[in-house]
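Working through the structure, step by step
Okay, here's what each chain looks like letter by letter:
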Amino acid sequence: MAIQAKGLEAPVEPDQRLRMYRDMLVARELSDRMFTLNRQGRAAFAITGQGHEAVQVAAAHAVRPGVDWILPYYRDVAMMIALGMKPRDILLGLFAKADDPNSGGRQMPCHWSWPEMRVVTRSSVIAANLPHAAGIAYASKLRGLDEVTLVSFGEGATSEGDFHESVNFAAIHQLPVVFLCENNGYAISESSEKQMAVKHVADRAKGYGIIGQTVDGNDLIAAHQTLSWGVGECRRGRGPVLIEAKTYRFSPHTSSDDDRRYRPREEVEEWAKRDPIDRFRTRLQGEGALTPDDDRALRDTVKREIAEAVAGAEAAPDCDPADTARYVYFEGDSAQQRGAG
Amino acid sequence: MAIQAKGLEAPVEPDQRLRMYRDMLVARELSDRMFTLNRQGRAAFAITGQGHEAVQVAAAHAVRPGVDWILPYYRDVAMMIALGMKPRDILLGLFAKADDPNSGGRQMPCHWSWPEMRVVTRSSVIAANLPHAAGIAYASKLRGLDEVTLVSFGEGATSEGDFHESVNFAAIHQLPVVFLCENNGYAISESSEKQMAVKHVADRAKGYGIIGQTVDGNDLIAAHQTLSWGVGECRRGRGPVLIEAKTYRFSPHTSSDDDRRYRPREEVEEWAKRDPIDRFRTRLQGEGALTPDDDRALRDTVKREIAEAVAGAEAAPDCDPADTARYVYFEGDSAQQRGAG
Amino acid sequence: MSTKTYLDAIHDAMWEEMERLPTMVVLGEDIQEGGVFRATDGMLAKFGKDRVLDTPLAESSIVGIAIGMAQNGCVPVAEIQFADFAFPAFNQIISEAAKWRYRSNNAWGCPIVVRMPYGAGIRGGMYHSQSIEALLAHVPGLKVVAPSTPHDAKGMLKAAIRDPDPVVYFEHKKAYRALKDELPDDDYVVPIAPAQVRREGGDLTVISYGFMVHECLQAAEELAGDGVESTVLDLRTLAPLDRTAILDAARRTGKVLIVHEANLTGGIGGEVAAIIAEHAFDDLDAPIRRLAAPDVPAMPFSGAQEDACLPSKETIAAAMRDLAAY
Amino acid sequence: MSTKTYLDAIHDAMWEEMERLPTMVVLGEDIQEGGVFRATDGMLAKFGKDRVLDTPLAESSIVGIAIGMAQNGCVPVAEIQFADFAFPAFNQIISEAAKWRYRSNNAWGCPIVVRMPYGAGIRGGMYHSQSIEALLAHVPGLKVVAPSTPHDAKGMLKAAIRDPDPVVYFEHKKAYRALKDELPDDDYVVPIAPAQVRREGGDLTVISYGFMVHECLQAAEELAGDGVESTVLDLRTLAPLDRTAILDAARRTGKVLIVHEANLTGGIGGEVAAIIAEHAFDDLDAPIRRLAAPDVPAMPFSGAQEDACLPSKETIAAAMRDLAAY
Ligand SMILES: Cc1ncc(C[n+]2csc(CCOP(=O)(O)OP(=O)(O)O)c2C)c(N)n1
Ligand SMILES: Cc1ncc(C[n+]2csc(CCOP(=O)(O)OP(=O)(O)O)c2C)c(N)n1
Ligand SMILES: [Mg+2]
Ligand SMILES: [Mg+2]
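Heads up: these notes are all about the structure in this document. (Residues numbered from 1 in each chain as written. Chains lettered and ligands numbered in written order. Predicted model: local features only at pLDDT ≥ 70, side-chain atom pairs only at ≥ 80, totals over all residues. Heavy atoms only, no water.)

Looking at the coordination of the magnesium ion (ligand 3)
Residues and elements named next belong to chain A. All of the protein donors around the magnesium ion (ligand 3) are Glu155 (OE), Glu155 (OE), Asn184 (OD1) and Tyr186 (O); their distances to the metal are 2.1 to 2.7 Å. One can describe the donor arrangement at the magnesium ion (ligand 3) as irregular, given that its six donor atoms subtend angles of 51 to 179° at the metal. Taken in sequence order, the residues that donate to the magnesium ion (ligand 3) follow the motif E-x28-N-x1-Y. Taken together, the residues glutamate 155 in the loop between strand S2 (149-154) and helix H6 (161-172) and tyrosine 186 in strand S4 (residues 186-187) connect sequence positions 31 residues apart. (Donors = N, O, S within 2.8 Å, 3.2 Å for Na, K, Ca; no water. Tetrahedral: all angles 85-135°; square planar, octahedral: opposite > 155°, others 65-115°. Helix = DSSP H or I, 4+ residues; strand = E, 2+ residues; numbered from the N terminus.)

Below you can see the structure in the form of structure tokens.
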């Protein structure tokens, strides 16, 4: 698959490259650990995005943190890491701890919410947050604010009515929304031919009169260029755009899934050769930006940090049953609440 | 707008042409009368399709009655007339009479249902019957039956999630469904630019990998050719197809609407010049198939028939309040019921 | 004071809030031309097409977009053209709006208003007459209101717009032009939650909401002629219910009839009866009666059959007499 | 007889009907690989991909397509992967399936089954634990069932498949592997509608359904140790309710506790209480009690908070003791 980056936006500086690499490593190690913790019976459930790291980190680096709005999905561990969420915070969610910043232990792990970073709360209901992205972007436009909204989802999500209604609305009003589809070829067990008769999710854009762009989601630099271009188009008033990043998940769908039932091992192995982290490492090493020794040291550090974060998060206090009925409605002074006027 | 009929399917014989012309006249006269009856306080509500007659009659003549499945919408008065529904039967619905064959007075007028003609019951909920069309067609394919399903709707309906989900499903399974959009440029007051950023509804087909075809819906022969082609494609296993017939409604949306609030009079007058009935009359007369005298006589007859039908229907017995709670569930021997096994 | 219809009240509440709140947006189908019921009449010219937003024909996104707007500093008031067409938006209302604050542990709020014209008696047939309020009143996180008078319609819509949580606002179509009140010219709010005693009487209590309150009041009037004095309690807010007012009235009179035009089974009446049967049991002198539409999927277009579904002052009065005589 | 889990029972009911009915189709997400709970395990190989249909991720169309199939000679059994994801399909269920026969004045029928795994207790968090049955039980035209045992699960699913009307079939996720029964090897049906007395006792009645029935039975057992004998009534069908069985039990014991894991307000318990308060009033010896989840939008992922939401044999026993002592 050819990289189809539109123009060369946002050249990536050496420092940034190393940060990106580190973020991918952290996300991978953290995600692997979350699965292990589940298998050990220490965590009820895990859902992660091993394999999707490149496009996720690319997206985080294409937006302006705290300015642009981000509506990620459960696979976006690496996106959140790259935005600055601490592994400990993600693990607090895994263990359903009281201090889980995403939901206070109410939601499954990796159901993100981070107001300061404009990461908007989402449910488990596939595609249901796409209209929210359109609404946020409409508000940006109405209020004359230079903000872009990025919403990510899988290719399965594009089958839902909410996908259609949201992209259609955004297209009609030319809203600054980047619709980012992380196409990993499967919605749980269903391969993408069961979701659509077109070859690429990007083809869906044609029905809305907007640009659809496919990119190799396992190529960090290509993905970053394409996403930066998309964000740029939105800022230039030429949004929305639909970006499809072709990728693959290395894990089962969740800790409750057994992907051997539906994915041929050869296919998994074939994609393993295109591991986005390995590819980026090779590139960095080829550029002389990373020596094998530095790499080994970095990976050891990351491993240690995650292990520490696990220990810390697991020891944190559980949710208090007495808080179960809190925050069904706003409590307190309604002038303080977010969102109104 | 050019007529874009694909190939020349189903040449229309002179007899059939006159029948088509008559059906359009009947539908127009009946529809006008329904509005009048509402203004006179004799009918609670009217909804009709003046202006849409050509494409509707074309559709009725493109399908095989009793074989193909038809899911029409509230504007399809002329389609139903051309399928053989009696004006009296439609008027029984207008007056909410017990013998209304469509719903026994339960639904608004022009909410069609006619099992013998495979016209499937529908609600008032826009686009909600599109998945039914897909499901019926799936069953045809599963059961190896040579049946086509035709479902009609307005361009506004294409904004609903159910449109997307249905076309997508039909495309994935290559189902024999003709999705017929009667694009009259407005959804109540909203012009079509408020529904989509593409110029033609047919453009929406591209996102699904199926053929979309635009035709002049006020040109009976062109519409008939296009619809016959569409039905043929479906029978040849090359469905689904999305056919967009550009047309215009001459009436307000319903008897409760005042279209002067949102449609410029010049626009209405401009379209009046393209009245599908006038155009077809001119054509028939040009071909020598219809003399002005014959035409006058025919129109008189139609007028008289409708007047008689009104008198008859209005005098028919009202619904019995004692029947209000009937048929919430199946009553009687469940072996007789439609649909199962 | 000025004479206003129920529809005027709704229109004016939005208008005045639009003037006060520069980022308030009204959105829905046919909003710009004034709405099919004219609730947004004149707003396009006054507030412009960006704040008076014609949406595509797509209810799920109407609510979903409103939710998004509310996150980014706007105050959205979404219109679902008829409550009957709210079902495509149920996922956005129930899975999203209602759970927004709870699932984010109070980090996010979802201050949206969803207006839904509902109710029968206008020959609307099966899909323009439904009363679907009980479905949403079962959903914690939502507030559900159904004002019965122009005064409340205005005051509660303002309260809804100013509320930090999602409010579903049921406005009765038959009330639009049938009801008139003298309304204060100054800004006022009718708080969400408290029910309102519309009439006091010691013999029995009738509990209702929406347009049916007026049928109940007429029936109560009629019974007063026969010396039976009844309390008529207008719930006004259906979620959360005003349990105190319900229990007070039940205890005071010992006999309760609950009336609504939604179908009986699973309706608001069931919940109200259950609250009374649990918490005012010792004060009850008679079975708790309910009068509601029969369990049909929706009301027929036929006037004769629609009338057969709707409680009326006659059937209410008859039920009250039975109860009084118990 | 063979030992079968609740999940086996569901699987086998479909399997046997698939063998009997050549146009029966099971459809939904991940159906072909056996379903996320394995209810359709092995069916792809046996019945082929056209009758074991993987749909796109789009619930509205899953139900809508099933409705269409049913018109054209198929017998569709649709799976919504989790009841929590049924809301996008609510329009198809409520506006279409439920009203299909009524609106066509019996010209058309809508014999579909929609299976919905529901319920909490499996650490599923807010969107994999909901009990949404009350919303659909308020909708005339639908039948709603929630079997509590493997025996009923099999027999009622067969009844649902053979029913001429739309049936929403709630299967409890916690029951899947937790419950086992000896099931007859021969074909059998458990009819939709009749409730079932699971235990007889004269002191009080506990009414419940689904997985909670087992907590109630354990609580009843415990109380029997203290000499308090209770009737446990398993509703099994939530719409239409078996009023006779409910009223019989209420009249016989004079005291009633209703238990469900759906949130309290507007739940099935309200309707059941209202029926009793209206029609068995004179036989009541105590307030009608309800025990249910608190009114939170959905159950938290946190085990501690989920447990705090769910009635348990301890809290049920405590409520029963209170009631017995009244
Ligand atoms: C509305 C809804 N239906 C079903 C599910 C169950 N479910 C969770 S993830 C998933 C597959 C999603 O696939 P895709 O969108 O491709 O994202 P991926 O997981 O592959 O990244 C399904 C069916 C859900 N969460 N929401
Ligand atoms: C789901 C739903 N939303 C809103 C309505 C109200 N409504 C009835 S017809 C209509 C416009 C339909 O426009 P279009 O699809 O273009 O068909 P047309 O009437 O123009 O032929 C609307 C909004 C409805 N019936 N159903
Ligand atoms: Mg995927
Ligand atoms: Mg139109």
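Digging into the packing of aromatic side chains
Across all of its chains, the model carries 33 aromatic pairs over all chains by this definition. Aromatic pair tyrosine 138 of chain A and phenylalanine 169 of chain A: ring centres 5.8 Å apart, planes at 45°, arrangement tilted. Of this pair, tyrosine 138 of chain A sits in helix H5 (residues 130-142) while phenylalanine 169 of chain A is found in helix H6, placing the two residues 31 residues apart along the sequence. With respect to class, tyrosine 138 of chain A is no different from phenylalanine 169 of chain A; both count as buried. Here the aromatic rings of phenylalanine 37 of chain C and tyrosine 176 of chain C are separated by 5.0 Å at their centres, their planes lie at 45°, and the arrangement is tilted. With phenylalanine 37 of chain C in the loop between strand S2 (24-28) and helix H2 (43-47) and tyrosine 176 of chain C in helix H8 (residues 175-178), the pair connects residues that are 139 residues apart, well separated along the chain. By relative accessible area, phenylalanine 37 of chain C is classed as buried at 16%. Following the ring pairs from residue to residue traces out a cluster consisting of Tyr186, Tyr248, Phe250, Tyr262 and Trp271 of chain A. The ring of tyrosine 186 of chain A carries the charged tip of arginine 263 of chain A above its face, separated from the ring centre by 5.8 Å. (Phe/Tyr/Trp six-rings, centres within 6.5 Å; stacked < 30°, edge-to-face > 60°. Buried < 20%, exposed > 50% of the residue type's maximum accessible area, 1.4 Å probe, protein only. Lys NZ or Arg CZ within 6 Å of the ring centre and 35° of its normal.)

A few points about the interface of chain A and chain B
On the chain B side, the residues contacting the 22 residues of chain A number 22 residues. Together, the buried faces of chain A and chain B total about 1,500 Å²; carbon and sulfur atoms form 50% of this surface. The interface formed by chain A and chain B contains zero salt bridges. Where chain A packs against chain B, one counts eight residue pairs in polar contact (both at pLDDT 80 or more). Its residues assigned to classes, the side of chain A that touches chain B shows seven nonpolar, eight polar and seven charged. (Contact = heavy atoms within 4.5 Å. Buried area = accessible area lost by both parts, 1.4 Å probe. Salt bridge = Lys/Arg side-chain N within 4 Å of Asp/Glu carboxyl O. Polar contact = N/O pair within 3.5 Å; in protein donor to acceptor, adjacent residues only side chain to side chain. Nonpolar A, V, L, I, M, F, W, Y, C, P; charged D, E, K, R; others polar.)

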